[in-house]
Amino acid sequence: MQAEFHQVNVSKLEEVQQVFAHILEKYGTIDIMVNNAGINRDGMLHKMSPENWQMVIDVDLTATFYCTQQAIMHMRTNNYGRVINISSGSWLGNIGQANYAAAKAGVVGLTKTAARENAKKGITCNVICPGFIETNMTLKLKEINDGKPWDIMMAKIPAGYAGKPADVANMVAFLASDEASYITAEVINVGGGMIV
Ligand SMILES: NC(=O)c1ccc[n+]([C@@H]2O[C@H](COP(=O)([O-])OP(=O)(O)OC[C@H]3O[C@@H](n4cnc5c(N)ncnc54)[C@H](O)[C@@H]3O)[C@@H](O)[C@H]2O)c1
């Protein structure tokens, strides 16, 4: 098993194209694509700057389009592939997250379309919606207002605690496996009961 890391701004098409060209030249195949990069710039819609709108759309949606397209172009020639896109329970709408919800809802539409266009090519495309997972994105809530925003989130989770990155990674591993070969165009929540 060999692993290689590259720092890429996935919202820049040229950088995405370069890294895909490198992977194909060196390894000759791309079997699994996980689009996980994401940012948020929260604020009420009536106060949201066009810059914060665009930045979130660029990273959370357009980058997913760039990477999904690059991967699928190759997977179609190979008649095999797994695309796993990370959305969010916020895609259903969440106060203070118009930009993020729009981008993450876009990821759902993009992925379901890719799934249906490529199902006969042995490619599955699915969405995972994490609920509230303990990562750098959420841990900053502990630093605000004596941790009250964090406590408010905990009260919304039926399981009573934040998920761990491994909870999401386990679902990614399952969707990438042969056991998941008949599962496509699905939206799967990993949220301790938070997303209904
Ligand atoms: N943590 C949660 O509760 C939660 C809930 C729902 C969805 N998500 C989603 O899960 C995914 C992972 O988030 P996380 O919680 O680990 O957040 P995080 O902030 O800890 O990690 C996000 C990662 O994305 C990378 N990234 C940001 N912009 C990038 C760019 N332009 N190019 C390449 N990489 C870039 C960052 O470097 C970072 O490594 C995101 O898509 C996020 O929207 C997280």
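Here, the structure is the one placed above.
Residues numbered from 1 in each chain as written. Predicted model: local features only at pLDDT ≥ 70, side-chain atom pairs only at ≥ 80, totals over all residues. Heavy atoms only, no water.

Caption draft 1: Spotlight on the overall build of the protein. Looking only at helices and strands, the protein has six helices and four strands in total. The linear arrangement of helices and strands in the protein, starting from the amino end, is α-β-α-β-α-β-α-α-α-β. Here the C-alpha radius of gyration of the protein, 17 Å, is about what a compact globule of 196 residues would show, namely 16 Å. For the protein, the spread of C-alpha atoms along the three principal axes comes to 50 × 35 × 30 Å. For the protein, the residues scored as buried account for 38% of the 196 residues in total. In the protein, once contacts between residues fewer than 6 apart in sequence are set aside, the share between residues at least 24 apart is 71%. Between the mean site of the 16 positive side-chain charges and the mean site of the 18 negative ones, the protein shows a separation of 5 Å. (Helix = DSSP H or I, 4+ residues; strand = E, 2+ residues; numbered from the N terminus. Rg over C-alpha atoms; globule rule 2.2 N^0.38 Å. Buried < 20%, exposed > 50% of the residue type's maximum accessible area, 1.4 Å probe, protein only. Contact = heavy atoms within 4.5 Å. Lys, Arg positive; Asp, Glu negative; His and termini not counted. Charge placed at Lys NZ, Arg CZ, Asp CG, Glu CD.)

Caption draft 2: Structural view of the environment of alanine 114. Among the secondary structure elements, alanine 114 is positioned in helix H3 (residues 98–118). A C-alpha to C-alpha distance of 8.4 Å links alanine 114 and threonine 68, two positions 46 residues apart in sequence. If near-sequence neighbours (up to four positions away) are discounted, alanine 114 is found in contact with Thr68, Ile72 and Cys125.

Caption draft 3: Layout of the site of the ligand. Taken together, the neighbourhood of the ligand is formed by 21 residues, with Asn9, Asn36, Tyr100, Ile133 and Thr135 sitting nearest. In this structure, a nitrogen atom belonging to the ligand sits 3.2 Å away from a main-chain N or O atom of valine 8. Note that an oxygen atom of the ligand is positioned 3.5 Å from one of the backbone N or O atoms of asparagine 136. Relative to its unbound accessible area of 830 Å², the ligand is 72% covered by the protein chains. Among the secondary structure elements, those contributing two or more residues to the shell around the ligand are H3 and helix H4 (136–139). When residues of the shell around the ligand are assigned to their parent elements, the largest contribution, three residues, is made by H4. (Near = heavy atom within 4 Å. Polar contact = N/O pair within 3.5 Å; in protein donor to acceptor, adjacent residues only side chain to side chain. Areas by Shrake-Rupley, 256 points an atom, 1.4 Å probe, with all protein chains shown as cover.)

Caption draft 4: Geometry of helix H6 (residues 165–176). Taking 1.5 Å of rise per residue, the 12 residues of H6 would be expected to cover 16 Å, and the 17 Å separating its terminal C-alpha atoms lies within 8% of that figure. Taken together, the buried positions of H6 are occupied by Val168, Val172, Leu175 and Ala176. Summarising the axial view, the buried residues of H6 lie within an arc of 100°, below the 170-degree limit, and thus occupy one face. (Expected span 1.5 Å × (residues − 1). Arc of directions from axis to C-beta.)

Caption draft 5: Structural context of the packing of helix H2 (residues 50–78) against H3. At their nearest, the axes of H2 and H3 sit 8 Å apart, and the two run at 15° to each other. Relative to H3, the element H2 lies roughly parallel. Here H2 and H3 pass one another in a crossing that is right-handed. Each of Asn52, Trp53, Val56, Ile57, Asp60, Leu61, Thr64, Phe65, Thr68, Ile72 and Arg76 in H2 lies in contact with H3, whose residues at this interface are Ala98, Asn99, Tyr100, Ala102, Ala103, Lys104, Gly106, Val107, Leu110, Ala114, Glu117 and Asn118. (Axes fitted to C-alpha atoms, helices over the stretch in contact; angles between N-to-C directions. Parallel < 35°, antiparallel > 145°, perpendicular 65-115°, else oblique. Left-handed = near helix turned anticlockwise from the far one by under 90°.)

Caption draft 6: Inspection of the pairing of strand S4 (residues 187–190) at higher detail. Only one face of S4 is covered, namely the one carrying Ile188 and Val190; the face carrying Val187 and Asn189 has none of its residues buried. Bridge count for strand S3 (residues 123–130) against S4 is four bridges, and the pairing is parallel. Bridge assignment links isoleucine 128 to a residue of S4, and that residue is isoleucine 188. (Pairing = 2+ DSSP bridges.)

Caption draft 7: Looking closely at the nonpolar core. If you look at the biggest cluster of nonpolar residues, it comprises 16 residues, and the most contacted ones within it are Phe20, Met33, Ala71, Ile72, Met75, Val83 and Cys125. Of all elements in the fold, only helix H1 (13–27), H2, H3 and S3 reach the threshold of two or more residues within this core. Looking at this core element by element, the count peaks at five residues for H2. If sequence neighbours within four positions are ignored, isoleucine 72 has contacts with Val83, Ala114, Asn118 and Cys125. Of all hydrophobic cores here, the second largest spans 11 residues; its members include Ile84, Ile86, Val168 and Ala176. (Core = buried A, V, L, I, M, F, W, Y, C linked by side-chain atoms within 4.5 Å.)

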